[in-house]
Structures are given as structure tokens and as C-alpha cells.
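Chain and residue survey
Next come the chains, spelled out residue by residue.
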Amino acid sequence: MTKERDDSGISRRRFLKEGALAPFALALAAAGGGTVYLRPGEAHGFVLRPPGAIVARRFLAACVRCGKCAQACPYHSIRLQDRGVGIGTPYIAARHTPCYLCPDLPCVKACPSGALDQKTTEVEKVRMGTAQIVDREGCLSIRGLRCEVCYRQCPLIDQAITLEPRHNPRTGEHTIMEPVVHREKCVGCGVCENACVLPKPVIVVRETVEVQRDSYDF
Amino acid sequence: MGLSRRDFIKACAAAAAFAAAGVTTARPEWAEAAEDGITWGKAPCRYCGVGCSVLVGVKGGRIVSTKGDPAGPVNKGLNCIKGYFLSKALYGKDRLTTPLIRKGNRMVEASWDEALDLIAAQYKKAIAEHGPDSVALYGSGQWTIQEGYVASKLMKGGIGTNNLEPNARLCMASAVVAFMNTFGSDEPMGCYDDLDLGDTYVLWGANMAEAHPVLFSRLIDNKLKHPKVKLIDIATRRTRTTKMADEFIAIKPHGDLAALNAIIHVILRDKLYDEAFVAKHVSFKRGKENAPYGLKDKEAFNETPADVKNLTFEEYKALMKPYTPQWAQKVSGIPAAKIEELARVYGDKSRKVNSLWTMGVNQHSRGVWVNNLIYNLHLLTGKICKPGENPLSLTGQPSACGTAREVGTFAHRLPADMVVMNEAHRKKAAGIWGIPAEKIPAKVGLHTVEMFRAIDRGELKCVWIQCTNPFQSLPNLNRVRKAAQSRKAFIVVSDIYPTRSTELADVVLPSASWVEKEGVFGNTERRTQQWFKMVNAPGKAREDVWQLIEFAKRMGHGALFPYPEKGMHRAIFEEYRKFTLGTGKDLAPYGVYAKVRGLRWPVKANGTETRWRYTEADDEHVAKGEGIKFYKAPNNKVSVWFRPYEPPAEVPDRNYPFWFCTGRLLEHWHTGTMTGRVPELRRAVSQATVELHPEDAKRLGIRNRDQVRITSRRGSIVLTAEIGGRGTPERGSVFTTFFDEKKLVNEICIDAFDPLSKEPDFKKCAVKVQKA
Ligand code: SF4
Ligand code: SF4
Ligand code: SF4
Ligand code: SF4
């Protein structure tokens, strides 16, 4: 950093000191990320595990806590629990760093124990959990604003989340563009939870609920 | 009123119920004290050309909250996500708070006197040695009307050079030229009401869903309410707009020039035009052709009256004969049958057709021509100046219309549609400014691209940049950044944060922004919106008007600005207003704007606004019984121009096989200097990505989030690939956004520009794409 020189030949450190002239990206980096406003989503005890993780009960037994999946992840999305019963088990804190769905799933490949199911080869088939809008009255899009940040960031845009437009009776002339998650497509990567612009995310990945079958087709 | 946010939501719900029952509820007026100590004031949004109204909540000298203004006619209480976080835009940790002067490689704190004296000394020296045309001022469509007006008066009436430009040269210049050469007056005849009242909307290269967020939500509501409404998206990239459109028509870059001509061909061939309208209102013209692309320095091209040939309708029809749908299919990629269908849409008497466009058309090496051709469709079919039936040129910046275009901060303009080349116009301006007419030079100044090239050539000695970030936003960026780095000119930058431009400056001046000062903006639909100062700027930061007037005093032009300290903004506006009265662009007295959520000009004698220009139904300047009258055009006749097809400046070839296109996205504003300091927006979209078509990506072995190197003849950058995300370019094209200051994507862009508007083409050049 000290050696790095900007276009004008001024060393970056000096720049920061003298005139605070560094553009924002660098200024933020120097300030250490600026993530103070972050609050985690309310997931009711659900812990997001890496892609391919087998069902929660068996996962804790199968995982040998080797941390190989965490090492394999290029985005450092996978962390290792540092306390409690599950100490050493890998998890994803989506609000901090979600899973970015690497096409070749290196985390799964790295797992020696079968805790991450080796049959998981297609990212679309991953089911880490399911995103839900947990506070409809809080969601800015449902309140009529043009937010939809979660939707535009979702790696499965238009499949896992779609926008359902409807008339906004409050203004009488605008559209509410409601983000709707579709559980049959959502992989639970947490990108939406990570991106949600509210202090406490109103879209949160939770346990995938069991689909209750009946005879209706629609 | 004074509502907490929760009450506000409830109140809005209640308001909707009341509205349904026909009761109008009390609306927050300017600056009412609230229970929880927050004082609310009204202002237009700082960001885009939609022009939403917001309420700004101030407590303890700080903006603590903003909310959409329920009384704002554009947005009725809504905002997009940028507008939602307005309260944070001014409070980044690294606000500039003191003037800085370059001492070798260091920037050193200075007093205002030191900084302004230095600037004045440099300007005086340059003027003494090289004449007034060796200095320049580069401003913005985000300047307030007062800032633009003072800048124009200082440069044109004081210093005596027309080297004054706004960054709007990079976005609206093509639209402006076409308005002038078609209608004789800038800015639309229609307004946003057309989005509620029409039934057919053809989008030419406009990603409204992201670039005009709240307006798009209004357009879609019309579609939800009325099943007949049809939205046709013609573009080179599938976007969020496409997703909500009824039909997407893929078009090759530059193909619009061919497709529009072919649609006109069919309208003429099948007699879909409105014979009576054409006979009454239209004259046919042919301009200068075989135009250059501005790639050579100082390449001159002008369409003078001597170059214009008048045509009869028959001659025009004959000229349009070769532009068949079959021919256009080859050039534009739109199937001939689809072109025939579009012609029938435009010609359908039972349909109220609107065309909407922005940068896809304007940032185009034949942008004026494409604007002209869109107008031709409306003028031939008579679908214009009627509620719900108009061409609407959408604007990008909050006051590209109000300041850059209406005040006229371009190198050739004077306020209210006047130009420096016209003696009568100079006389009128000089009269209002109280100076001899000879003071205003008749010679057109340097347009934006030439201005920065002139730095490189060593001809321009001083340039002062306010409220914009050219060293990130200009095309062929390497050339201009290198010129600045080699200190070929004395560069002053006024801004609120460190940017890619301040880092190249000799003097950096800290500015006040938005509600830290008083101002007026003018939006896309001719709506003029005023706001008062609500908080102090941090540290020693001062507003741009103050900076310019203090500089003027040091240059010996202080007498041009005899405004009282209290009421200065009102006085400037009232002086500027004199230019507009009786011209069909009439503005209301300042006091009126202080009360309302904007008014659309021309404001009538009785103080009400005009929604549709040129029609007796609404425009006071048209007498009863005249129907539609294009009273600003010569002989009241608008021009239908014959504009042939000419190829783009640079096309993909074996070495550079892809088209490259740049644009905006919803989360960030322009070069990200403000939205980049809003942590939530920065997190939502933290870097520019490059979008590829999935098949192209597969062929090149590129997967989502891979690093990709994009190289053109001018520069090379590495971006993260985004495949199957918010946008998908057509095969053979890649797309990226320009907000990310770490990725100077404009190094890739060609500095070819439209020969008439001098607006660069940021939408197409040739690149190679490699996995990095
Ligand atoms: S798929 Fe990629 S980003 Fe997601 S956890 Fe595995 S390695 Fe990390
Ligand atoms: S978790 Fe969110 S971002 Fe990920 S697939 Fe589901 S909806 Fe999309
Ligand atoms: S990002 Fe959050 S607030 Fe915005 S639409 Fe998604 S859930 Fe709603
Ligand atoms: S950026 Fe544009 S659409 Fe968004 S709130 Fe501001 S004016 Fe409205």
C-alpha cells in the first residue's frame, strides 16, 4: 500500500494523510470495510450449511470438521463454528458473505466425509435452504418503492425470485413490484439476504419447508 | 404534519382511502416543525431526470431522513432505492471540507482566498498570453439553474469565451439538436401524463426499468390497468425492461438507423400517413450527408442553412424508396415482417402511440438522425401534441433540461433556445445582462470532446470542472487522463468528494451539495422544481454559485453579479426568468416555485402549468381555433428530415470481434461518487461486471464470476463476468456499467461522436474478450 502510487505519482498513504483525496473504494478499504450497519437475518435457529450438505441431523454426525470445504471456497464464504456443540463445523453467514454458487462447486468436491453430498454437481440442484420475505410490511418493494435489489442480485433471477407487479392503490398510478421467492428453484445461497438494503434483512434464508402434497395441480 | 416513518406509512394508506372517497388530506408544507424534532422541507431528488419530489428531514443541523413526497405529482410519495438513501449521500466520511492546492505531488490545505487568488491568477495569465479562448469551464446537468446561469453570464458575458460546456453534452446533446432542427425549440411537447393516457409504447434503446425507475413503475401501472396497452422494447440487450414488456425486438447496434427508415418506407408505401396533418404542418428537408465521426482532432462539420435542401413530399417519398424492410432486415437484424408490423402499429389510427428513448439513441454517432427519424414517424402519422400520444425524449440528469438546455450552458447556446451565432440573440442576452452586445463572442466554443482534446494539444490552458467527473466519464479516457497527468493545463475541480477527477486537479474546491444550498432543477417533462437550503455544508465547503462569483470578482467581472447576499438565488432566477417570458418557455415568479412541487413550463398568465405544448387545448401560445400550431418552427412548419443510413465509426472485425456497450444501473448514480458512499448501495452492487450472452461465454470458456479481459484499440480492463443476470446482451455484444471508479471502463470507449450534436457514442465500439 505504501509503495502503491496513483496516477499523479503521489503515494496513496500520503494522499490519505494529506488531503483525504483517495476515491471511495480505497477510502473504504482503508476504513476497514465499513460494515457496522450490518445485522443478521432472523432465521429461527437455522444454520446455513455449505452446498450439498445432507440433512441437518446427519450432517453434524458426518462432518469430520476438517475445514477442507472452507479452504476450497474462493470467496471465504464458508466459516467454521468457533464455539458450542458444533464447534469446527462449516457454516455460511450469508449476511456477511453468501455463497456465490461456483459452477464446479469446489467446496463439495473437497469434502472427504460425505457430509457434503458428492452427488451434488449442478448448482441449480443445490438446496441449502429457502429464502423468504420475513417482513412484508418492511420490504421496500412491497411498500411501492423501486428497490428489488435482492431480485436483481439473485443468481437465479426470474427463476428463484420473480417480480409480481400489481397496481399500487396508495398512489393510484404506480406499480408495486413484489419480489416473490419460488421454493422449487431457490437454492438458498443467501445472496439476496446479503444484498437486502435494510439494516435487518427482510429476505432471509431459512430451512426449506417440506412440500405438502395434495391433488391440486395449480 | 411531522410524522414518524410508521405514522407516515399509515397516513399514506389512509390517504389512499380518503382519495378514493374524494377527500384531499392535509399535505406537509415546506419546513414544518415536527413532534420528534425533525423539520421537513421539500426538494427534488438529487439524482435522476425523473424528478421525484422528496421531503427532507432535518434535525440538529443534519439530514436525518428523507421520504418520497406524497404531494409530488411525479412520484406521489415513492422513490427508487437511490432516492430512499438520499439522506446518506452527503455524509460519506471523506467529504471535502477545505480547498486544496497542489504542491508538486502533494495536495495541501489552503484558504479560500489562496485558492481563488491562484485560480484567478492562472486564468488571467492564460487570457493575457493566449486570449480568452484558452480558458474553459466544464459544468453539469446536475448544476442548479442558478449555477448554470451564473456560469454562462460569467464566461459568455464576462470573460468573453464560449468555452462553457455541461456534461449533458455526453447525454442529451443529440436530443437537443433534433428538437431544434425539427421543432425550432428544445424539449418535449408531451409529458409524463402520456405514460398514463396512451396505449402503445415503443422503447428505442431505453432501459427504463433501471434508468427511470419510478417513471417505469408508472408506465407499467397503465399496462396493468388497461389490457390494450402494449409495450414494445427494441434494444441490443435484454434487460429488466424487456422482462416487463409485451414484446422484445432485438436489434443490431446502429441498426435503428436502418429500421426506422424502413418503417417510414412502409408508412409511405402503404399510405399510413395522415395526409392532412402533413400538408398543414410539415416541410421536408435533406441535410448534409457523408458525415465524419469526429475521430480526427478539430474535424469540422456543420449543417448550415446553405447545406439544407427543401424537398417536396413526392421527392421525399422517392428518396425513401430504397429503404425497404428487406434491406433493413440485413442491416438491423429485425425481420422484414416485424418492420412491416411496426409500421402498422405506428400507422394504426385506433392506437395512441408513444416513442420513448434515451441514451441508446442519443449516444450514437448518428444520434441526431435517429432522433429525427423517430420524430418523422410521429409527424407523418400525426401522432403528436395529443394527450397520450407523443414522442418523449427521456432525460438522464436532474437538471439536464433545466440547466444545461434551458439556461443553455453549451458552447453554442444562450438562455431560452437562443444561440451565440445569432446577432439578435446576442443582443437580447447582452440587454438583459447589461453589457455591450460585442462582449458576447459569436464564435462557438469548444464542445466537450474537443475541450479535453485541446488540453492534450496544449491549447487550453485552464479548465474549471464543477459538479461532474470527466476523468471517469469521458470516452477514450486514457488520452485525456494522460494529458491531465502531464499537467498540460491548470485544472480546478469543485466537488463534494475525492473522485477520479479531483486526483488530477491542481486545485480542489469543496462544494456544497443539494440541500446544503438553495436551487432549482428542471426535469424531463419541463417541470421546474425549487428547494431551499436546509443544512450547512461541512467545513469550509461553499456552493458553486459562490465560488464562481468570488472568482468573477477577482477577474474584474464582479459587477455582473450585483445580487444581494440574502435572496441571491431568487434574484438570479428572476433575472434568468426575463429570458423566458413571451418565448413559449415562460417560467413563473420564484415565489410560486417555493410553494409548489414544480410546474411544467410554459407557465400561463394565470399561473398554471402547460402539459402539452403547441396545442390550443393546453398551450396559451396557440390561439383558439388554431388546433395544433408549431409556433417555434420557421413558418410554423416542423421539419421531416431525410436521413440516410451511414455505418458506425468502428465495427467488430477479426481482431476485435465483439460490440462493446456501456450504461447505467438502478443502484448507482453516474460515476458513483455519491451512491458509492451509501454503504447499502455499495453492498448491493459493489463492482462493475461485464455481461455476456451465455452462448458467447460458453464458446470462450467463460463462466459466471470469472475474470474477463476486455480490450479495445484504446484500452484494456478486467471485469467479473455476469452471465444470466439482470441483463443479457445479444450474441456478439458485451455490456458493462460506468459507475465503478476502480474500473475506468471508458478507457475502452471510442471518442467518435455525432457530427451534428458532438455527443460521443458510448454504446458501440469493437473489443476482444478473453478469459483473464
Ligand atoms: S459454491 Fe463456491 S462460493 Fe459457494 S460455498 Fe462452495 S466454494 Fe464457496
Ligand atoms: S437464496 Fe436468494 S439469491 Fe439465492 S437463489 Fe434463493 S432467492 Fe436467489
Ligand atoms: S432488497 Fe430487501 S427491501 Fe429490497 S426488495 Fe429485497 S427484500 Fe425488499
Ligand atoms: S433517482 Fe430518479 S427515480 Fe430514483 S428517486 Fe431519484 S428521481 Fe426518483
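In this text the structure is predicted, and so the values were computed from the model without any measurement.

Right, let's get into the packing of aromatic side chains. Residues and elements named next belong to chain B. Summed over the entire model, instances satisfying the criterion amount to 32 aromatic pairs over all chains. Ring geometry for Y149 versus W433: centroids 6.4 Å apart, planes at 70°, classification edge-to-face. Here W433 lies in helix α19 (residues 423-433) and Y149 lies in helix α5 (residues 145-159), a separation of 284 residues in the sequence. Both residues of the pair, Y149 and W433, belong to the buried class. One aromatic cluster is present, built from ring pairs that chain together F179, F183, F277, W357, Y375, Y614, F630 and Y631. Between K768 and the ring centre of Y656, over which it is positioned, the NZ or CZ distance is 4.9 Å.

Moving on: the confidence of the model for chain B. Residue and element names in this part refer to chain B. Across chain B, the average pLDDT comes to 95, with 95% of residues at or above 70. Considering only residues more than four positions removed or in separate chains, one finds that residues 1-31, a stretch of pLDDT under 50, has 43 contacts. Predicted complex, confidence summary: ipTM 0.92, pTM 0.92.

It is worth spelling out helix α17 (residues 367-381) of chain B at this point. Residues three or four positions apart in an α-helix share a direction because the helix packs 3.6 residues into each turn. All names here are of chain B. An ideal rise of 1.5 Å per residue puts 21 Å on 15 residues; α17 measures up with 22 Å between its terminal C-alpha atoms. Taken across its 15 residues, α17 has 15 buried, putting it largely inside the fold. G382 sits one or two positions beyond α17 and adopts a positive phi of about 70°.

On to helix α9 (residues 213-225) of chain B. An ideal rise of 1.5 Å per residue puts 18 Å on 13 residues; α9 of chain B measures up with 19 Å between its terminal C-alpha atoms. The set of residues buried in α9 of chain B consists of P213, V214, L215, F216, S217, R218, L219, I220, D221 and N222 of chain B.

With that settled, consider the nonpolar core. Inside soluble globular proteins, nonpolar side chains tend to come together where they are buried. Counting 100 residues, the largest nonpolar core has V56, I81, M208, F216, L356, W514 and V515 of chain B as the members making the most contacts within it. Among the elements that line this core, the one with the most residues is α9 of chain B, at 5 residues. Setting aside anything within four residues of it in sequence, one finds F216 of chain B in contact with R146 and M177 of chain A together with M208, A209, L231, T241 and M244 of chain B. F301, F313, I374 and L380 of chain B belong to the second-largest nonpolar core, a separate cluster that totals 64 residues.

All names here are of chain B. Spatial strand order, β6-β5-β21-β20-β19-β7-β8: 7 strands in an open sheet with mixed pairing. On the outer flanks of this sheet lie β6 (106-109) and β8 (164-166), each paired with one strand and no other. Strand-to-strand twist across the sheet, computed as the mean angle between neighbouring axes with direction ignored, equals 20°. Bridge analysis of strand β7 (residues 135-139) against strand β19 (residues 462-466) gives 4 bridges, and the strand direction is parallel. The residue bridging Y138 from the neighbouring strand is I465, located in β19. α5 contacts β7 and β8 of the sheet and is inclined by roughly 165° relative to β7.

Our focus in this paragraph is the pattern of salt bridges. One pass over the full model with this rule turns up 78 salt bridges over all chains. Of the charged contacts in the structure, one is a salt bridge between D270 of chain B and R269 of chain B, with a shortest N-O distance of 2.7 Å. A relative accessible area of 40% means that R269 of chain B is categorised as partly exposed. Look at the salt bridges and you will find they share partners, linking E173 of chain A together with K76, D193, D196, R218, E525, R527, R600, E609 and R611 of chain B into a network.

The next thing to look at is the site of ligand 4. The immediate surroundings of ligand 4 are formed by C45, Y47, C48, V50, G51, C52, N79, C80, K82, G83, P213 and V214 of chain B. Of all elements in the fold, only α2 (81-84) and α9 of chain B reach the threshold of two or more residues within the shell around ligand 4.

A separate point is the packing of α19 of chain B against helix α24 (residues 568-580) of chain B. Residue and element names in this part refer to chain B. The contact between α19 and α24 brings their axes to 10 Å, and the two run at 150°. Here α19 is positioned roughly antiparallel relative to α24, judged by the angle of their axes. As for the relative orientation of α19 and α24, their crossing is right-handed in sense. Contacts between α19 and α24 involve K428, A429, I432 and W433 on the former and, on the latter, E575, K578 and F579. A breakdown of the residues in the contact of α19 with α24 according to their chemical character gives 4 nonpolar, no polar and 3 charged.

With that settled, the discussion passes to the site of ligand 2. The local shell around ligand 2 holds 13 residues, among which C154, C186, C189, G190 and C192 of chain A are the closest. Here the residues of the shell around ligand 2 are counted per class, giving 11 nonpolar, 2 polar and no charged.

A few words on the domain arrangement of chain A. A common way to express how large an interface is: the accessible area buried when the components associate. Residues and elements named next belong to chain A. Split by domain assignment, chain A resolves into domain 1 (41-123) and domain 2 (129-209). If you look at the interface, domain 1 gives 15 residues, while domain 2 gives 19 residues. Overall, the association of domain 1 and domain 2 removes approximately 1300 Å² of surface from exposure, summing both partners, and the carbon and sulfur fraction of that is 57%. Viewed at the interface, domain 2 and domain 1 are joined by 0 salt bridges. Counting the contacts that link domain 1 with domain 2 gives 10 residue pairs in polar contact (both at pLDDT 80 or more). When the residues that make up the side of domain 1 that touches domain 2 are grouped by side-chain class, the tally is 9 nonpolar, 4 polar and 2 charged.

A few words on the domain arrangement of chain B. All names here are of chain B. Once the domains are mapped, chain B shows domain 1 (5-88), domain 2 (100-170 + 398-600), domain 3 (173-394) and domain 4 (658-771). Every contact between the two is made by 8 residues of domain 1 and, on the other side, 11 residues of domain 4. Run the count over domain 1 and domain 4 and you get 1 salt bridge.

Residues and elements named next belong to chain B. Tracing the backbone through its elements, the reader meets D740 in the loop between β31 (733-737) and β32 (765-771). Here D740 occupies a buried position and makes no salt bridge, while the nearest side chain of opposite charge, K742, is found at 4.7 Å. In terms of polar contacts, D740 uses its side chain to reach the backbone amide nitrogen of A688, at 2.9 Å. The residues touching D740, leaving out its near neighbours within four places in the chain, are Q472, S686, Q687 and A688.

Another aspect to go through is the pairing of strand β22 (residues 519-522) of chain B. Put simply, side chains in a regular strand alternate between the two faces of the sheet. Of the two faces of β22 of chain B, the one holding G519 and F521 of chain B and the one holding V520 and G522 of chain B are both buried throughout. Taking the residues that link successive antiparallel strands as the turn, the β22 of chain B-strand β23 (residues 527-531) of chain B hairpin has 4 residues, and the phi of R526 of chain B there is positive, at about 65°.

Our focus in this paragraph is the state of the cysteines. Residue and element names in this part refer to chain A. Taken as a whole and judged by the stated rule, the model has 0 disulfides over all chains. No disulfide involves C63; its nearest neighbouring cysteine sulfur is the one of C66, lying 6.5 Å away. Unpaired in terms of disulfides, C66 finds its nearest cysteine sulfur in C111, a separation of 6.3 Å. By relative accessible area, which is 35% here, C66 ends up partly exposed.

The phi angle of most residues is negative, glycine excepted, and most peptide bonds adopt the trans form. The residue after W601 of chain B, namely P602 of chain B, is reached through a cis peptide bond having omega -5°. Considering the arrangement of structural elements, one finds P602 of chain B in the loop between β24 (599-600) and β25 (638-642). Here the phi dihedral of E148 of chain A falls at roughly 50°; this positive angle occurs in a residue that is not glycine. Of note in this structure, C385 of chain B is not a glycine but carries a positive phi near 60°. Following the sequence through the fold, C385 of chain B ends up in the loop between α17 and β16 (391-393). Classification of C385 of chain B by relative accessible area gives buried; the value is 3%.

All names here are of chain B. Across the sheet, 3 strands lie side by side as β14-β13-β25; this open sheet has mixed pairing. The open sheet is flanked by β14 (309-311) and β25, the only strands paired with a single partner. Pairs of neighbouring strands in the sheet enclose a mean axial angle of 40°, with direction left out of account. Relative to β14, strand β13 (residues 282-286) runs antiparallel, the two being bridged by 3 bridges. Bridging from a neighbouring strand, K285 pairs with N310 of β14. This element, α17, spans β13 and β25 of the sheet and lies at about 120° to β25.

Residues and elements named next belong to chain B. Two numbers describe how helix α20 (residues 448-456) lies on helix α22 (residues 477-485): the axes approach to 8 Å, and their chain directions differ by 45°. In terms of their interaxial angle, α20 and α22 are classed as oblique. Crossing hand, α20 versus α22: left-handed. Along its contact with α20, which presents F452, R453, I455 and D456, the element α22 presents R479, V480 and A483. Taken together, the residues of the contact of α20 with α22 sort by class into 4 nonpolar, no polar and 3 charged.

What counts as what
- Residues numbered from 1 in each chain as written.
- Chains lettered and ligands numbered in written order.
- Predicted model: local features only at pLDDT ≥ 70, side-chain atom pairs only at ≥ 80, totals over all residues.
- Heavy atoms only, no water.
- Phe/Tyr/Trp six-rings, centres within 6.5 Å; stacked < 30°, edge-to-face > 60°.
- Helix = DSSP H or I, 4+ residues; strand = E, 2+ residues; numbered from the N terminus.
- Buried < 20%, exposed > 50% of the residue type's maximum accessible area, 1.4 Å probe, protein only.
- Lys NZ or Arg CZ within 6 Å of the ring centre and 35° of its normal.
- pLDDT = per-residue confidence, 0-100.
- Contact = heavy atoms within 4.5 Å.
- Expected span 1.5 Å × (residues − 1).
- Core = buried A, V, L, I, M, F, W, Y, C linked by side-chain atoms within 4.5 Å.
- Pairing = 2+ DSSP bridges.
- Axes fitted to C-alpha atoms, helices over the stretch in contact; angles between N-to-C directions.
- Salt bridge = Lys/Arg side-chain N within 4 Å of Asp/Glu carboxyl O.
- Near = heavy atom within 4 Å.
- Parallel < 35°, antiparallel > 145°, perpendicular 65-115°, else oblique.
- Left-handed = near helix turned anticlockwise from the far one by under 90°.
- Nonpolar A, V, L, I, M, F, W, Y, C, P; charged D, E, K, R; others polar.
- Domains from an automatic or database assignment.
- Buried area = accessible area lost by both parts, 1.4 Å probe.
- Polar contact = N/O pair within 3.5 Å; in protein donor to acceptor, adjacent residues only side chain to side chain.
- Lys, Arg positive; Asp, Glu negative; His and termini not counted.
- Disulfide = S-S within 2.5 Å.

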